[in-house]
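# Commentary on secondary and tertiary structure
Here are the chains, one letter per residue:
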Amino acid sequence: MDVLGWIIVIALFIIGMAGAIYPILPGVVAIYLALFVYGWFFTFEHYNSWFWIIQTIILVVLFVADYAVNAWGVKKLGGSKASIWGSTIGLIVGPFVIPAFGLIIGPFLGAFLGEMFAGSGPSKSAKVGFGSVIGLFSSIVVKIVLQLAMIIIFFIWIF
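Now for a look at the structure at hand. (Residues numbered from 1 in each chain as written. Predicted model: local features only at pLDDT ≥ 70, side-chain atom pairs only at ≥ 80, totals over all residues. Heavy atoms only, no water.)

### Notes on the overall build of the protein chain
Within the protein chain one finds six helices and zero strands. For the protein chain, the α and β elements follow one another from N to C terminus as α-α-α-α-α-α. Projected onto its principal axes, the C-alpha positions of the protein chain cover 60 × 30 × 15 Å. Long-range contacts, defined as pairs at least 24 residues apart, comprise 65% of the intrachain contacts of the protein chain with a sequence gap of at least 6. Of the roughly 8500 Å² that the protein chain leaves accessible, carbon and sulfur atoms contribute 80%. Here the protein chain contributes 6 positively and 4 negatively charged side chains, and the mean placements of these two sets differ by 27 Å. (Helix = DSSP H or I, 4+ residues; strand = E, 2+ residues; numbered from the N terminus. Contact = heavy atoms within 4.5 Å. Areas by Shrake-Rupley, 256 points an atom, 1.4 Å probe, with all protein chains shown as cover. Lys, Arg positive; Asp, Glu negative; His and termini not counted. Charge placed at Lys NZ, Arg CZ, Asp CG, Glu CD.)

### Brief notes about helix α1 (residues 2–21)
For α1, built from 20 residues, the straight-helix expectation of 28 Å at 1.5 Å per residue is met to within 8% by its first-to-last C-alpha distance of 30 Å. Along α1, the residues that are buried comprise Gly5, Val9, Leu12, Phe13, Gly16, Gly19 and Ala20. Projected onto a plane normal to the axis of α1, the buried residues spread over an arc of 125 degrees and lie on a single side. Exposed side of α1, more than 90 degrees from the buried face: Val3, Ile7 and Ile14 are the residues found there. In this structure, the buried residues of α1 make contact with α2 (28–41) and α6 (122–158). (Expected span 1.5 Å × (residues − 1). Buried < 20%, exposed > 50% of the residue type's maximum accessible area, 1.4 Å probe, protein only. Arc of directions from axis to C-beta.)

### Let's talk about the packing of aromatic side chains
Applying the stated criterion to the full structure yields 22 aromatic pairs. Ring centres of Trp6 and Phe154 lie 6.5 Å apart, and the angle between their planes is 65 degrees; on these two criteria the pair is classed as edge-to-face. Taken together, the residues Trp6 in helix α1 and Phe154 in helix α6 connect sequence positions 148 residues apart. A ring pair is formed by Phe13 and Phe155, whose centres lie 6.0 Å apart and whose planes are at 65 degrees; its orientation type is edge-to-face. On the criterion of sequence distance, the pair formed by Phe13 in helix α1 and Phe155 in helix α6 is long-range, its members being 142 residues apart. Among the residues examined, Phe13 registers a relative accessible area of 5% and is labelled buried. (Phe/Tyr/Trp six-rings, centres within 6.5 Å; stacked < 30°, edge-to-face > 60°.)

The following block contains the structure:
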């Protein structure tokens, strides 16, 4: 049973880290779930209130940062709400429509089309689309760092 517990915990950590790059996967939620799986399979004794406070703060920061950093990239280069929505839709749909490059093209194209819909010209729309890609990459870096912090804190706490 111990082996099964560790397999599930490690699998959830891997899914969580993959979710930092691929937005369809649950990301930070999978890592947070792994903390509970460890407790259910082994023990919750290693965790105290500080552990849960730290992990939950990171979880909330990741949820907020995921949206905020992407929106920042679009707004930084003059994007409208329509381009933010387009970028978000492109981020979700892009990887399915264009499997190899949809993660980059989707947000760019979504922001570009959203900004065109809002009445901007092609030059400004392209600039905003570029901002969405910058926001996407910034968001990925933030997610990777904070999710790794969650995993490292977990291992420090249990050992």
